[in-house]
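Descriptive structure summary
Here is what each chain is made of, one letter per residue.
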Amino acid sequence: MKPKTLKPNDVDTLIATLKKGEDDSIGSYIVKGYRIQISKHNLTGAQRVQMLYKKRRDNGLCIICGTKVTKKNPRSGKLYRLCETHRGLIDKRK
């Protein structure tokens, strides 16, 4: 994912969310040409993948490739976790 560009004034709000301990502040940022990366320390690979999938799912993106998901599950009314291509490959295997 591309880093978000922040203005120097927005750094204060970023630090405030870090103090609260929210996971919303995790990511890469660019401030005045400097890249700031915020991540949790000592995460296992499974925990990193779980956070990535959760973030993609919350944004309505395919958890595999990151493209926008447009179809909804008729039973739950929520967006599918996979795009049409990956649903055909993974979920609809015969």
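Preceding block: the structure.
Just so it is clear, the model here is predicted, and its values are computed rather than measured.

The rules we used
Residues numbered from 1 in each chain as written. Predicted model: local features only at pLDDT ≥ 70, side-chain atom pairs only at ≥ 80, totals over all residues. Heavy atoms only, no water. Pairing = 2+ DSSP bridges. Helix = DSSP H or I, 4+ residues; strand = E, 2+ residues; numbered from the N terminus. Polar contact = N/O pair within 3.5 Å; in protein donor to acceptor, adjacent residues only side chain to side chain. Contact = heavy atoms within 4.5 Å. Core = buried A, V, L, I, M, F, W, Y, C linked by side-chain atoms within 4.5 Å. Buried < 20%, exposed > 50% of the residue type's maximum accessible area, 1.4 Å probe, protein only. Expected span 1.5 Å × (residues − 1). Patch = residues over 30% accessible without salt bridge, like charges linked within 9 Å, V, L, I, M, F, W, Y side chains within 5 Å. Areas by Shrake-Rupley, 256 points an atom, 1.4 Å probe, with all protein chains shown as cover. Salt bridge = Lys/Arg side-chain N within 4 Å of Asp/Glu carboxyl O.

Working note: regular strand, side chains alternate between the two faces of the sheet. By the bridge criterion, five bridges tie strand β2 (residues 27-31) to strand β3 (residues 34-38) in an arrangement that is antiparallel. When the bridges of β3 are listed, Tyr29 appears paired with Ile36. Counting the residues in the hairpin turn of β2 and β3 gives two residues, including Lys32, whose phi is positive at 50°.

Next up on the list: the side chain of Arg87. Locating Arg87 in the fold gives a position in helix α3 (residues 84-91). A distance of 2.8 Å separates the side chain of Arg87 from the side chain of Glu84, its partner in a polar contact. Residue contacts for Arg87: discarding those within four places in its chain leaves Tyr80, Leu82 and Lys92.

In this structure, Leu6, Val11, Leu14, Tyr29, Val31 and Ile38 together form the largest nonpolar core, which totals six residues. Sequence-distant contacts of Tyr29, defined by excluding residues within four places in its chain, comprise Pro3, Lys4, Leu6, Leu14, Asp24, Tyr34, Arg35, Ile36 and Ile38. Counting residues in hydrophobic clusters, the runner-up holds five residues, among them Cys62, Val69, Leu82 and Cys83.

Bringing helix α2 (residues 45-58) into the picture now. When the terminal C-alpha atoms of α2 are compared, their 20 Å separation across 14 residues agrees well with the 20 Å that a helix rising 1.5 Å per residue should span. Of the residues flanking the end of α2, it is Gly60, one or two places downstream, whose phi is positive at about 75°.

Strands sit in the order β1-β2-β3 across an open sheet of three strands; the sheet is mixed. Each edge of the open sheet is held by one strand with a lone partner, namely β1 (4-5) and β3.

Next up on the list: a nonpolar patch on the surface. On the surface, Val49, Leu52, Tyr53, Ile64, Leu89 and Ile90 cluster together to form a nonpolar patch covering roughly 470 Å² of accessible area. Mapped onto the nonpolar patch, the elements with two or more residues apiece are α2 and α3. In this fold, Tyr53 is placed in helix α2.

Take the pattern of salt bridges next. Within the structure shown, the criterion is met by three salt bridges. For the salt bridge of Lys54 with Asp58, the shortest nitrogen-to-oxygen distance reads 3.4 Å. Taken together, the residues span about one helical turn, with Lys54 and Asp58 both in helix α2 at a distance of four residues. Across this residue pair, the class does not change: Lys54 and Asp58 are exposed. Between Glu84 and Arg87 there is a salt bridge, with the nearest N and O atoms lying 2.8 Å from each other. Pair noted here: Glu84 and Arg87 are both in helix α3, with a separation of three residues, about one helical turn. Residue Glu84 is classed as partly exposed on the basis of its relative accessible area of 39%. Using a relative accessible area of 10% as the deciding quantity, one classes Arg87 as buried.

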